[in-house]
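Architecture and fold: a report
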Amino acid sequence: MTISRTICLGFLALITIGTILLMLPFSTSNGTWNDPIVALFTATSAVCVTGLAVVDTGTYFSGLGQFFVLALFQVGGLGYMTTTTFMLLLVRRKFNLRHKVAIQQALDRRGLQDSASMIRSIIATAIIFEITGIFLLLPVFVPDYGWEQGLWVSVFHSISAWNNAGFSLFSDGLAGYRTSLLLNLTITGLIICGGIGQQVIYETYLGIRDRFLRKPRRQVFSLNFKVVTSTTLVLLILGTLAFFFVERTNPETFGKLNFFEQLLGAWFQSVTTRTAGFNTVDFGKMTTAGLFITIALMFIGASPGGTGGGMKTTTLRVLVSSTKATLEGKENVHLYQRQVPINLILKAVGVLVASVATVIAATILISLSDPQLDFIRLLFEVVSAFATVGLSTGITADVAAFSKIILIVTMYIGRVGVWLLMASLLGDSRPSAVHYPEEDLLVG
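The present account deals with the structure reproduced in this document. These figures come from a predicted structure and were not determined experimentally.

Some details on the nonpolar core
Of all hydrophobic cores here, the largest spans 100 residues; its most connected members are Leu-22, Phe-73, Phe-141, Leu-183, Ile-187 and Met-298. In terms of residue count, the dominant contributor to this core is helix 7 (residues 115-162) (nine residues). Not counting residues up to four positions away in its chain, the partners in contact with Phe-141 are Gly-146, Gly-150, Val-153, Ser-154, Phe-170, Tyr-177 and Leu-183. If you look at the next biggest cluster of nonpolar residues, it comprises 11 residues, including Ile-119, Ile-123, Ile-196 and Ile-201.

Describing the pattern of salt bridges
According to the stated counting rule, one finds five salt bridges in the structure shown. The shortest N-O distance in the salt bridge between Lys-324 and Glu-328 comes to 2.9 Å. Across the pair Lys-330 and Glu-328 runs a salt bridge whose closest N-O atoms are separated by 3.1 Å. Note on Lys-330: relative accessible area 49%, which makes it partly exposed. According to the relative accessible area criterion, Glu-328 is partly exposed, its value standing at 43%. When salt bridges that share partners are traced, they join Lys-324, Glu-328 and Lys-330 into one network.

Concerning the layout of surface pockets
Approximately 680 Å³ is the volume found for the second largest pocket. Residue lining of the second largest pocket: 31 residues in total, with Ser-171, Asp-172, Gly-173, Asn-279 and Ser-392 positioned closest to the centre. Looking at the lining of the second largest pocket residue by residue, the class counts come to 12 nonpolar, 13 polar and six charged.

Focus: the environment of Val-349
Topologically, Val-349 is positioned in helix 14 (residues 342-369). It is 9.6 Å that separates the C-alpha atoms of Val-349 and Leu-316, two residues lying 33 residues apart in sequence.

Side note on the packing of aromatic side chains
Evaluation of the coordinates by the stated rule reveals 17 aromatic pairs. With a centroid separation of 5.6 Å and 85° between ring planes, the pair formed by Phe-244 and Phe-259 is classed as edge-to-face. Separated by 15 residues along the polypeptide, Phe-244 in helix 10 (residues 223-247) and Phe-259 in helix 11 (residues 259-272) bring together distant segments of the chain. Looking at Phe-244, the relative accessible area reads 10%, which means it is buried. Residue Phe-259 is classed as exposed on the basis of its relative accessible area, which comes to 56%. Ring plane angle 45° and centroid distance 6.1 Å describe the contact between Phe-283 and Phe-380, whose orientation is recorded as tilted. On the criterion of sequence distance, the pair formed by Phe-283 in the loop between helix 11 and helix 12 (288-300) and Phe-380 in helix 15 (residues 375-386) is long-range, its members being 97 residues apart. Among the residues examined, Phe-283 registers a relative accessible area of 1% and is labelled buried. What makes Phe-380 buried here is its relative accessible area of 0%. Put simply, the rings of Phe-73, Trp-152, Phe-156 and Phe-167 pair up and form one aromatic cluster.

Thresholds applied
Residues numbered from 1 in each chain as written. Predicted model: local features only at pLDDT ≥ 70, side-chain atom pairs only at ≥ 80, totals over all residues. Heavy atoms only, no water. Core = buried A, V, L, I, M, F, W, Y, C linked by side-chain atoms within 4.5 Å. Buried < 20%, exposed > 50% of the residue type's maximum accessible area, 1.4 Å probe, protein only. Helix = DSSP H or I, 4+ residues; strand = E, 2+ residues; numbered from the N terminus. Contact = heavy atoms within 4.5 Å. Salt bridge = Lys/Arg side-chain N within 4 Å of Asp/Glu carboxyl O. 1 Å grid on protein atoms, 1.4 Å probe; cavity = no way out; pocket = protein on both sides within 12 Å on 5 of 7 lines; lining within 4 Å. Points joined across faces, edges and corners; volume = space filled by probe spheres on them. Nonpolar A, V, L, I, M, F, W, Y, C, P; charged D, E, K, R; others polar. Phe/Tyr/Trp six-rings, centres within 6.5 Å; stacked < 30°, edge-to-face > 60°.

Here it is in structure tokens:
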């Protein structure tokens, strides 16, 4: 039982528990036993913080069922090892080297030191941001639903946004609040902060603190911080511009909005496609170009250590820099005056190949099960499931049971990560003392 297998089985255990809870009669609004496929799909989507749904969460599930969904994507967003380790800390049990290695692999950290402090920091950061989001959303929802229901809606959407879960209590997502500046900025702020990762948030805090206190020795930002922040910023800007110019003449999405509302809508879609899953427009009515832009952004995803999925921004940056170095005839890859290790480049290539292979396999299987589906909508659904985004063109509930199972498996692979899943299947790598001679071959 390796560390990677422990993590993968832990997510399976959470999905199993969630499925059982959502099948019980008190979880549905009509008080009857839930369909096993619906319960399994919803539990997997929640634990994997995806947001794809085959039923309307706000009307199909009872208040207790909605709470179960919230609890599942809260635990899923934090991660299995983070949650279990935090439970050990609560009961004041010391965790051994195995727990520290598990945290290192789950959070993609370099060292093993200060693991307990890191867990506490992750939990505290999540609580602070989620509570802040709740207070900011209250002025939006309380006037429409009253204090009791407005508070619950604020809590649900704040936690869902921070964990990049994408679950909403409204049948049309957040389309009814597309012109609300406060809601758009709050939700997108939670999505971005939840997706960039704990390390980036912590380094940002240290940098602001040192500048505010005017310390002579200020925070030195890591390479991970520089790559994540710069790549995220570029993707957000490019995504906003792309959605604005592609959809501004589409009467079904941005065409009937004024300039400010179009810009606000483009910004929201640029943020939410990076594994969040909320929407303020109907993606089923987007142009083909808009759908392809969304697929590309979904596939890239969020950043390592965050609550989002996808290929990750750092993987994209390493691959782009490697391609640039190759075209320039250089033998080494550099980022911000740092040389990227060869094993990191190989890992990025492996993640890309495995991610593409997973998407292709799932697309083929679902196309065989539901041949009537348009290819662009089918690919959109598969990438959304793999990248744990949760956006849909409206076909999720209509696909066959076999296709739902394929989407469930795809969501699971996307959440645990192809790299961790392969490690759990193949076992830990063993060092080899054999070195083979090099030989060139034709490439490209």
